[in-house]
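Architecture and fold: a report
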Amino acid sequence: MTFDSSYVVDDMLWLDGSSNNAGKYADRFALSEDGVEMTFATNYLGHFLLTRLLLEKMAETARASGFEGRIVNVSSTIHSWFAGDDAVGYLDRVTRRKIPYDPTRAYALSKLANVLHTRALAERLREMNANVTANCVHPGIVRTRLIRDRDGLVTNTVFFLASKLLKTIPQAAATTCYVAVHPAVAGVSGKYFADCNEASPSRLGASSEEAAKLWSFSENITAEKIPKMSVHVSAGGFRLQVQSSNADRGMALA
Ligand SMILES: NC(=O)c1ccc[n+]([C@@H]2O[C@H](COP(=O)([O-])OP(=O)(O)OC[C@H]3O[C@@H](n4cnc5c(N)ncnc54)[C@H](OP(=O)(O)O)[C@@H]3O)[C@@H](O)[C@H]2O)c1
């Protein structure tokens, strides 16, 4: 993400698809500037905020164009590794350093949050009567830069031994593309996909109660940002307009 003062804003462009893909596996504990555990902030909370800011634009586009808008959240099968019944409580304890940071658990929680976000978002879109769907995917296991914090001999050896089970990058992109554009997925919303098929999320991932809890927690934590930010869509990507007491600042997201 870079600041770009010369960015051209064009609110007339339509937005009919959004894929929330950015993610990281963070070996060490860190907090975002807002004081949120970094894996959760990167893999989920940023996507939650951006999606909220884009939602009206997507609903408007779908109304005007007559075409279904689609939001795809990139999750992982590892979401099911998060055990326990209190995702928000766990996040709070980790953030306040009441319990030790476990990178795999933090990653699993963030990916569970993607699944729960999808469920609550689909419900919200139905209530808005928007012709926009929201689904999430497990892309498959593929060697990328995701676990760059763990580069080294052990990681290389594990990937070498497991190489027959890994997907290539184009194969891993297939489920996201399928859910984003394939006619067979028209009208399907709030679901979890793997290998281009609908699949079952974990028990916690299927909980509407947990999804509603996470949604209101996320709304509260991002609330003060909503009135201060707006998103403008242009040919090159999104522009986040941030209003401060001194001046407006723009952030371009390609
Ligand atoms: N690889 C797998 O086996 C696997 C399996 C299941 C799910 N996934 C999911 O697939 C998605 C894509 O991951 P990948 O495997 O393609 O990993 P990747 O190659 O490391 O790509 C991750 C992307 O996220 C961006 N990113 C990371 N931190 C960011 C931040 N704080 N702000 C903005 N952008 C940030 C990275 O940008 P920079 O490169 O500029 O940092 C990169 O473009 C992730 O959501 C991941 O959880 C991957």
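Looking at an unreviewed UniProt entry, one finds the protein chain named Short-chain dehydrogenase TIC 32, chloroplastic and attributed to Setaria viridis. Heading Sequence similarities (unreviewed entry) of the UniProt record for the protein chain holds this comment: "Belongs to the short-chain dehydrogenases/reductases (SDR) family."

1. So, the site of the ligand
Near the ligand lie 16 residues; those nearest to it are Gly23, Ser76, Thr144, Arg145 and Leu146. Among the residues making up the shell around the ligand, the classes are represented as 7 nonpolar, 7 polar and 2 charged.

2. Digging into the nonpolar core
By size, the foremost hydrophobic cluster in this structure holds 43 residues, and its most contacted members are Phe40, Ala87, Leu109, Leu112, Ala113 and Leu116. Put simply, the parts of the chain that give this core at least two residues each are helix 1 (38-65), strand 3 (69-74), helix 2 (87-95), helix 3 (103-127), strand 4 (132-138), strand 5 (192-194) and helix 6 (208-222). Of the residues forming this core, the biggest block, 12 residues, is contributed by helix 3. If we ignore the near neighbours within four places in the chain, the residues touching Leu112 are His79, Phe82, Ala87, Leu204 and Gly205.

3. A word on unusual backbone geometry
The backbone phi angle of Arg97 is positive, close to 60°, even though this residue is not glycine. Relative to the elements of secondary structure, Arg97 occurs in the loop between helix 2 and helix 3. Although it is not a glycine, Asp195 adopts a positive phi angle of roughly 50°. Take Asp195: it is sitting in the loop between strand 5 and strand 6 (197-199). The class for Asp195 is partly exposed, based on 14 C-beta atoms found within 10 Å.

4. So, the environment of Phe159
Here Phe159 is to be found in helix 4 (residues 153-161). In the structure, Phe159 is positioned 17 residues away from Val142 in sequence and 9.0 Å away in space, judged by C-alpha atoms.

5. Examining the pairing of strand 4
Along strand 4, 7 of the 7 residues are buried, which leaves the element largely enclosed by surrounding structure. The side-chain alternation of strand 4 yields two buried faces, one formed by Val132, Ala134, Cys136 and His138 and the other by Thr133, Asn135 and Val137. The pairing of strand 3 with strand 4 spans 6 bridges and is parallel. Following the sheet pairing, Val72 is matched in strand 4 by Asn135. The pairing of strand 4 with strand 5 spans 3 bridges and is parallel. Across the sheet, residue Cys136 finds its bridge partner in strand 5, namely Tyr192.

6. Things to note about the confidence of the model for the protein chain
Residues at a pLDDT of 70 or more form 83% of the protein chain, whose mean pLDDT is 86. Across residues 1-9, where pLDDT falls below 50, the model places 17 contacts with residues more than four positions away in sequence or in other chains.

7. Here we look at the pairing of strand 3
Side-chain direction in a regular strand flips from residue to residue, so the side chains alternate between the two faces of the sheet. With 6 of 6 residues buried, strand 3 lies mostly within the body of the structure. Of the two faces of strand 3, the one holding Gly69, Ile71 and Asn73 and the one holding Arg70, Val72 and Val74 are both buried throughout. With 4 bridges joining them, strand 2 (residues 17-20) and strand 3 adopt parallel strand pairing. Note on strand 3: the bridge partner recorded for Asn20 is Asn73.

Rules used throughout
- Residues numbered from 1 in each chain as written.
- Predicted model: local features only at pLDDT ≥ 70, side-chain atom pairs only at ≥ 80, totals over all residues.
- UniProt positions renumbered as here; feature names shortened; annotations may be inferred.
- Near = placed C-beta within 6 Å.
- Nonpolar A, V, L, I, M, F, W, Y, C, P; charged D, E, K, R; others polar.
- Core = buried A, V, L, I, M, F, W, Y, C linked by C-beta atoms within 7 Å.
- Buried ≥ 20, exposed ≤ 12 C-beta atoms within 10 Å, placed from the backbone.
- Helix = DSSP H or I, 4+ residues; strand = E, 2+ residues; numbered from the N terminus.
- Contact = placed C-beta atoms within 7 Å.
- Pairing = 2+ DSSP bridges.
- pLDDT = per-residue confidence, 0-100.

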